[in-house]
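# Reading the structure
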Amino acid sequence: MTDFIFKTKPYDHQLDALQDSYHKKQFALFMEMGCGKSKVAIDSFVQLYREDKLDGVLILAPKGVYDTWYSKEIPTHIPEEINYHTVKWSNSNTLKKKKELASLYEEPERLNIFIMNIEALSTKIGTQQATDFLFKRRCMFIIDESTTIKNHTAKRTQNTVRIGKYAYYKRILTGSPVTKSPLDLYSQSYFLDPSLLGFSSYFAFRNRYANLIDKTLGNGRNFKQIVGYKNLEELNEKLSSFSYRVLKKDCLELPDKVYLKRTITMSDEQKKVYKDIQKNAKAMLSKGTVTINHIITQIIRLHQISCGFVGLDGGNISELKSQRLPELLEILEETDGKAIIWANYRHDIQKIEAELSRIYGENSVGSYYGDVSQERREEVIDKFQDPDSPLRFFVGNTQTGGYGITLTAASTVIYYSNNYDLEKRLQSEDRAHRIGQTNKVTYIDIVCEHTVDEKIVKALRRKQNIAQTVLGEDHWKNWLV
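Residues numbered from 1 in each chain as written. Predicted model: local features only at pLDDT ≥ 70, side-chain atom pairs only at ≥ 80, totals over all residues. Heavy atoms only, no water.

### Description of the overall build of the chain
- Looking only at helices and strands, the chain has 20 helices and 17 strands in total.
- Taking 23 Å as the expected radius of gyration for a compact globule of 481 residues, we find that the chain reaches 24 Å, a close match to that expectation.
- The dimensions of the chain, computed from C-alpha atoms along their principal axes, are 70 × 60 × 50 Å.
- Counting over 481 residues, the chain shows a buried share of 52%.
- Residue pairs at least 24 apart in sequence account for 73% of intrachain contacts in the chain once pairs closer than 6 positions are excluded.
- Accessible area for the chain stands at about 21,900 Å²; split by element, carbon and sulfur atoms hold 47% of it.
- Charge separation in the chain, taken as the distance between the mean sites of 69 positive and 61 negative side-chain charges, equals 6 Å. (Helix = DSSP H or I, 4+ residues; strand = E, 2+ residues; numbered from the N terminus. Rg over C-alpha atoms; globule rule 2.2 N^0.38 Å. Buried < 20%, exposed > 50% of the residue type's maximum accessible area, 1.4 Å probe, protein only. Contact = heavy atoms within 4.5 Å. Areas by Shrake-Rupley, 256 points an atom, 1.4 Å probe, with all protein chains shown as cover. Lys, Arg positive; Asp, Glu negative; His and termini not counted. Charge placed at Lys NZ, Arg CZ, Asp CG, Glu CD.)

Okay, here's the thing in structure tokens:
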């Protein structure tokens, strides 16, 4: 047994994962959200550093997650006796930032850790900085939330795979490597090593594991449509040779999840606008070729009306009388302790924050979405997790706050409005339901009946991907009734 050193004691499943993987050149940690995969990765590179097998770590993670590595995960889990230095990426070109980047190369004997947001690999300067670091250090290259490179045609995926050849060790971390399709696995595995799955091209991989039929669009263009999958036992067997898979239910004694629904109805004003938009959407989609973007655009417009507003030209908003905010306030009156409130639209987040500040005081609420600075986001998380802080309500959208952060101070999670992306729903649920949670977590969906809102929530609770569901033969019509 390897003589590991730990700053924080691992759970049994974390120790198993570490022993299986730390010494391997390529490995995938498929550990469900909340199982502590970041700690396993950290313990792995600490051990390799102790054995003088690496002196650098490059970590790529989505926005909202990469800062958690910098401010929480690494300081929490790296032992005090390890001489390490951490730099967080920024596209700033200031003298201070240049000095920070240069500091990664000043002490060859030190463990130098460079943390970047995955989006930086879509840029020339970000890709170059990552390449330089990998080239000049003996590195472990970690992709956290590796489904961010599942699209084999995306620029950041191609850049990530290309520069990966300079890494001594490579790791991918994700709770669910398959978010929409088993084909999501191709580029994630290809990053680790092109030989792992035995296919040199995505199309050969697709032909082996997907059932395809020929389809023709209205403009006469032919394409292959995926209608199912095959040979998945073979694929799972290949994955098992270079991955560790664990689910929360198998390794953690976490409390239960409880799902509730609060139903509201549209106001007369909403009904009128909804009916008009619905009629126009059906007429438009009945003409010519229907794409997923066309359908989702119309679903979003109807969903916004059910939330109490309508988007106008020029980015303006027109408010509609709605029961949604009063219903949220009623739920909060019935709720003890802290609560997470997810809302899909910036307009709703701002409205919720303003109303909660008015009722409970401005120190009672903090928001977490694209317009909020990184410094303020960190402050909101710290205060929310602090039991002595007056910050009681965390209000955010799942696009920004649904990944990588820990919000176990709350045992009530309210979906004021849902995003239609299944992965974002699942990720956001587990911000509260993870290591450190001691209470059962209650999830409450506010649902506007007889609208597309009902269909969104029903699909998400059934763990159906909405984009795939609506694309079937005329299925979009069922969503616009």
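### Observations concerning the layout of surface pockets
- Approximately 680 Å³ is the volume found for the second largest pocket.
- Lining of the second largest pocket is provided by 37 residues; of these, Thr68, Glu73, His77, Thr406 and Arg434 occupy positions nearest its centre.
- In terms of residue count, helix H3 (residues 66-77) provides more of the lining of the second largest pocket than any other element does, eight residues in total.
- When grouped by side-chain class, the residues that make up the lining of the second largest pocket number nine nonpolar, 15 polar and 13 charged. (1 Å grid on protein atoms, 1.4 Å probe; cavity = no way out; pocket = protein on both sides within 12 Å on 5 of 7 lines; lining within 4 Å. Points joined across faces, edges and corners; volume = space filled by probe spheres on them. Nonpolar A, V, L, I, M, F, W, Y, C, P; charged D, E, K, R; others polar.)

### Considerations on the state of the cysteines
- Per the counting criterion, the structure on display carries zero disulfides.
- Unpaired in this structure, Cys307 has its nearest cysteine sulfur neighbour in Cys448, at a distance of 8.2 Å.
- According to the relative accessible area criterion, Cys307 is buried, its value standing at 0%. (Disulfide = S-S within 2.5 Å.)

### Here's the deal with the pairing of strand E13 (residues 338-342)
- Among the five residues of E13, five are classified as buried, and the element is accordingly described as predominantly covered.
- Of the pairings in the sheet, the one linking E13 to strand E16 (residues 410-415) comprises five bridges and is parallel in character. Bridge pairing in E16 places Trp342 opposite Tyr415. (Pairing = 2+ DSSP bridges.)

### Quick notes on the side chain of Lys170
- Tracing the backbone shows Lys170 in strand E6 (residues 169-174).
- No salt bridge is formed by the buried Lys170, whose closest oppositely charged neighbour, Asp193, lies at an N-O distance of 6.6 Å.
- A distance of 2.9 Å separates a polar side-chain atom of Lys170 from the backbone oxygen of Phe191.
- Beyond its immediate chain neighbours, meaning those up to four positions away, Lys170 contacts Lys25, Gln26, Phe27, Phe141, Gly164, Lys165, Phe191 and Leu192. (Salt bridge = Lys/Arg side-chain N within 4 Å of Asp/Glu carboxyl O. Polar contact = N/O pair within 3.5 Å; in protein donor to acceptor, adjacent residues only side chain to side chain.)

### Topic: the sheet that holds E13
- Ordered in space as E10-E17-E16-E13-E15-E14, the six strands form an open sheet in which the pairing is parallel. Edge positions in the sheet fall to strand E10 (257-264) and strand E14 (365-368), since each of these pairs with one other strand and no more. In this sheet, adjacent strand axes meet at a mean angle of 20° when their direction is disregarded.
- Relative to strand E17 (residues 441-448), E10 is paired through eight bridges, and the arrangement is parallel. Considered in E17, the bridge of Leu260 is made with Ile444.
- Its contacts with the sheet place helix H18 (residues 452-461) against E10 and E17, and it is angled at close to 150° to E17. (Axes fitted to C-alpha atoms, helices over the stretch in contact; angles between N-to-C directions.)

### Regarding unusual backbone geometry
- With a phi close to 60°, Asp52 is a non-glycine residue in the positive phi region.
- Locating Asp52 in the fold gives a position in the loop between helix H2 (37-50) and strand E2 (56-61).
- Even without being glycine, His450 reaches a positive phi, approximately 60°.
- Here His450 lies in the loop between E17 and H18.

### Remarks on the environment of Ser189
- Here Ser189 lies in helix H7 (residues 185-192).
- Separated by 187 residues in the primary sequence, Ser189 and Thr2 have C-alpha atoms spaced 27 Å apart.
- In this view, Ser189 contacts Leu196, Leu197, Leu239 and Phe242; residues no more than four positions away in its chain are not counted.

### Concerning the packing of helix H5 (residues 124-136) against helix H6 (residues 155-163)
- Contact geometry for H5 and H6: axes closest at 10 Å, N-to-C directions at 15°. In terms of axis orientation, H5 runs roughly parallel to H6. When you trace H5 past H6, the crossing you get is right-handed. Residues Thr127, Ala130, Thr131 and Leu134 of H5 form the contact with H6, whose own contacting residues are Asn159, Arg162 and Ile163. (Parallel < 35°, antiparallel > 145°, perpendicular 65-115°, else oblique. Left-handed = near helix turned anticlockwise from the far one by under 90°.)

### Concerning the environment of Arg208
- Among the secondary structure elements, Arg208 is positioned in helix H8 (residues 202-209).
- Residues Arg208 and Thr442, 234 residues apart in the sequence, show an inter-C-alpha distance of 41 Å.
- Setting aside residues no more than four positions away along its own chain, Arg208 makes contact with Phe199, Lys230, Asn231 and Glu234.

### Observations concerning H8
- Within H8, the full set of buried residues consists of Tyr202, Phe205, Arg206 and Tyr209. All buried residues of H8 fall inside an arc of 100° around its axis, so they share one side.
- Looking at the buried side of H8, the elements it contacts are H7, strand E7 (210-216), strand E8 (222-229) and helix H9 (232-240). (Arc of directions from axis to C-beta.)

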